Structure formats: C-alpha cells, structure tokens
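# Analysis of the macromolecular model
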Amino acid sequence: MSDVSATMDLHRRDAADKLRGRTRYTIDRYLPGMLHAAVLRAGVPAGRIVRLDTSRAARMPGVRS
C-alpha cells in the first residue's frame, strides 16, 4: 500500500489519521456503567414541547430516570 501523505497535501493535523481510519471519536468510547441520552427537539421552528409522556420509555429495560 502506498503512503497517501506522499501524494496529498494534508493541511489538517488529524487528516492523515482520519484518512487511514485511526481517528477515535467520542461516540466510539465505552465505559462500564455509561449511560446514553436521547434529545427531543420541537418538530416546528420556534416550537415548544409543553408535555412529554415518558411512561412507556421508563418501563423499558435498562432505562434510567
């Protein structure tokens, strides 16, 4: 496999690692007991969420409140 950096002008410090698939992203991290979150945004511009029923989600296994 040829060295890509010899044929490309890489201006960003992380470009070579990203190009070779060596970059680690925040989403790639896992720690024991780590929780994940979901974000709910209004479906309309400048809309407000005035009520949110989370009872079904709360009954699912592994969900924390």
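Residues numbered from 1 in each chain as written. Predicted model: local features only at pLDDT ≥ 70, side-chain atom pairs only at ≥ 80, totals over all residues. Heavy atoms only, no water.

## Focus on the pattern of salt bridges
Following the criterion strictly, the structure yields three salt bridges and no others. For Arg 12, the salt bridge identified is with Asp 14, shortest N-O distance 3.1 Å. We classify Asp 14 as partly exposed; its relative accessible area is 25%. The residue Asp 17 makes a salt bridge to Arg 22 at a minimum N-O spacing of 2.9 Å. Look at the salt bridges and you will find they share partners, linking Arg 12, Asp 14 and Lys 18 into a network. (Salt bridge = Lys/Arg side-chain N within 4 Å of Asp/Glu carboxyl O. Buried < 20%, exposed > 50% of the residue type's maximum accessible area, 1.4 Å probe, protein only.)

## Side note on the environment of Ala 42
Residue placement: Ala 42 occurs in the loop between helix H1 (15-19) and helix H2 (55-58). When near neighbours in sequence (up to four residues on either side) are disregarded, Ala 42 contacts Gly 47, Arg 48 and Ile 49. (Helix = DSSP H or I, 4+ residues; strand = E, 2+ residues; numbered from the N terminus. Contact = heavy atoms within 4.5 Å.)

## A short note on a nonpolar patch on the surface
On the surface, a nonpolar cluster with roughly 300 Å² of combined accessible area is contributed by Leu 40, Ile 49 and Leu 52. With respect to the secondary-structure elements, Leu 40 resides in the loop between H1 and H2. (Patch = residues over 30% accessible without salt bridge, like charges linked within 9 Å, V, L, I, M, F, W, Y side chains within 5 Å. Areas by Shrake-Rupley, 256 points an atom, 1.4 Å probe, with all protein chains shown as cover.)

Fair warning: the whole summary comes from geometry, so function is off the table for now.
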